[in-house]
Structure formats: C-alpha cells, structure tokens
Amino acid sequence: MLFYSFFKSLVGKEVVVELKNDLSICGTLHSVDQFLNIKLTDINVTDPDKYPHMLSVKNCFIRGSVVRYVQLPADECDTQLLQDAARKESAQNKNR
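Being a predicted model, the structure only gives us computed values, none of them experimental.

**Concerning the UniProt feature "domain: Sm" (unreviewed entry) in the chain**
The UniProt record marks residues 2-76 with the feature "domain: Sm" (unreviewed entry), using the residue numbering of this structure. Secondary structure across residues 2-76 comprises 9% helix and 43% strand; the distance between its end C-alpha atoms is 16 Å.

If you want it as structure tokens, here you go:
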C-alpha cells in the first residue's frame, strides 16, 4: 500500500512510464489504483518514429503488470520520507 499511497500523492504531476515492451509514455498522472494500474492524460511518446500509431492517442490506461519504470519529477519525490515509510511498513509486516 506504500507505493499506492505515494502515487496517489503524485496525481496531476507529469510522469514518464516505461513499459516492458520498451515503449515510454510521458503524460499527466490522472489516477492510480491499488493494483498500480495507471491512467495518463495528455500523453506523448518519447520515440514517435518507432511508435507512429501512438501519435493520435491523448489518454491511456496502463495495466500495472506491464510497467517497468515510472520516472517521477525530482522535486516531487522526498526520498528520505519514502525510505522511512518503507522501513516502517517492513517492520510492521515482520510483526504480523
């Protein structure tokens, strides 16, 4: 649930999602669900020559299982807070 909560805080921010098939999509994060499925608006593809069919697409839904990386805006990511929350969640799961 940690990453779900983190991504929910980034709604409305510009992100780049790299898929397992090497397609990279840049867009505004519209929503994310508990399975880390991602909905992007105002998208563009980082390599339009390789994926010309994606030029006409403006919004997309990305299944969480096909995501390789999500590149976040550096100024929006508090890494220390994220690391502390991950440690806390890990400790809670060990105690169960």
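**Here's the deal with the environment of S5**
As for its position among the elements, S5 is in helix 1 (residues 2-8). Since its relative accessible area comes to 45%, S5 is described here as partly exposed. With 11 residues separating them in the primary sequence, S5 and V16 have C-alpha atoms 18 Å apart.

**A look at unusual backbone geometry**
Here the phi dihedral of L36 falls at roughly 65°; this positive angle occurs in a residue that is not glycine. Considering the arrangement of structural elements, one finds L36 in the loop between strand 2 (24-32) and strand 3 (38-45). By relative accessible area, which is 28% here, L36 ends up partly exposed. Residue D42 is not a glycine yet carries a positive backbone phi of 50°. Secondary-structure assignment places D42 in strand 3.

What counts, and at which threshold
Residues numbered from 1 in each chain as written. Predicted model: local features only at pLDDT ≥ 70, side-chain atom pairs only at ≥ 80, totals over all residues. Heavy atoms only, no water. UniProt positions renumbered as here; feature names shortened; annotations may be inferred. Helix = DSSP H or I, 4+ residues; strand = E, 2+ residues; numbered from the N terminus. Buried < 20%, exposed > 50% of the residue type's maximum accessible area, 1.4 Å probe, protein only.

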